[in-house]
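Structural overview
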Amino acid sequence: MKIDFTLNGTPVSLESSPVKRLLDVLRDDFDMKGTKEGCGEGECGACSIFIDGRLANSCLIPAAQAEGAEIVTIDGVRDTEAGILITEAYAEAHAVQCGFCTPGMVMASIALLKVNPDPDEQAVREGISGNICRCTGYDMIIDAVQLAAKRAKERGLAW
Ligand code: FES
Ligand code: FES
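All figures in this text were calculated on a predicted structure; none of them were measured in a lab. (Residues numbered from 1 in each chain as written. Chains lettered and ligands numbered in written order. Predicted model: local features only at pLDDT ≥ 70, side-chain atom pairs only at ≥ 80, totals over all residues. Heavy atoms only, no water.)

**Things to note about the pairing of strand S1 (residues 2-7)**
Residues Ile3, Phe5 and Leu7 of S1 are buried on one face, while the alternating residues Lys2, Asp4 and Thr6, pointing to the opposite face, are not. The sheet contact formed by S1 and strand S2 (residues 10-15) spans six bridges and is antiparallel. Bridging across to S2, isoleucine 3 finds its partner in leucine 14. What sits between the antiparallel neighbours S1 and S2 is a turn of two residues, in which asparagine 8 has the positive phi angle 50°. Here two bridges tie S1 to strand S5 (residues 70-72), and the two strands are oriented parallel to one another. Each bridged residue has a counterpart across the sheet, and for leucine 7 the counterpart in S5 is isoleucine 71. (Buried < 20%, exposed > 50% of the residue type's maximum accessible area, 1.4 Å probe, protein only. Helix = DSSP H or I, 4+ residues; strand = E, 2+ residues; numbered from the N terminus. Pairing = 2+ DSSP bridges.)

Next up, the structure:
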């Protein structure tokens, strides 16, 4: 079927099986390799995207569901002011080790900061609870999100 949607601000169109995973559409058809596949079962958050502004696991979304939607991936976020600020905070707080979880963590962090721009530790833990990191033990990720929140406040940046 023909599927039309907006990808990182650009209208796109493709012929696809309606049940192809959106994760595969993004990676294979649009070369959005920043969106990762970890578990493929909705458990790890590596494939996190925004669909119509909501955080979602693209491995669980059939392509047909993208019809008419606004999809934003890490590739569309990382060069924005917010994306640069948060990735710098991740680097500064040593929250990136192997880096595999980082794209999904950044998407989850931004989703959290949009609704709670000054999260305490517990709020960050809950905000990233759908994302698995095998390397950091999470403390450095929590530090990174709180550092990003502080920097955003200092610079008057709205998530
Ligand atoms: Fe989608 Fe793990 S790959 S949640
Ligand atoms: Fe390796 Fe998170 S930094 S999985």
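**What to know about the sheet that holds S2**
Within the open sheet, the five strands sit side by side as S2-S1-S5-S3-S4. Their pairing is mixed. Because the sheet does not close on itself, it has two edges, and the strands there are S2 and strand S4 (54-57). Each adjacent strand pair in this sheet contributes to an overall mean axis angle of 40°, direction not counted. Relative to S4, strand S3 (residues 48-51) is paired through four bridges, and the arrangement is antiparallel. If you follow phenylalanine 50 over to S4, its bridge partner there is leucine 55. (Axes fitted to C-alpha atoms, helices over the stretch in contact; angles between N-to-C directions.)

**A look at the packing of helix H3 (residues 81-92) against helix H4 (residues 102-115)**
Running from N to C, H3 and H4 cross one another at 120°; their axes reach a closest spacing of 11 Å. With respect to H4, the element H3 is oriented oblique. When the axes of H3 and H4 are compared, the crossing they make is right-handed. When H3 is examined against H4, the residues Ile86, Thr87 and Tyr90 are found in contact with a partner set consisting of Thr102, Met105, Val106, Ser109, Ile110 and Leu113. In terms of residue class, the contact of H3 with H4 is made up of six nonpolar, three polar and no charged. (Parallel < 35°, antiparallel > 145°, perpendicular 65-115°, else oblique. Left-handed = near helix turned anticlockwise from the far one by under 90°. Contact = heavy atoms within 4.5 Å. Nonpolar A, V, L, I, M, F, W, Y, C, P; charged D, E, K, R; others polar.)

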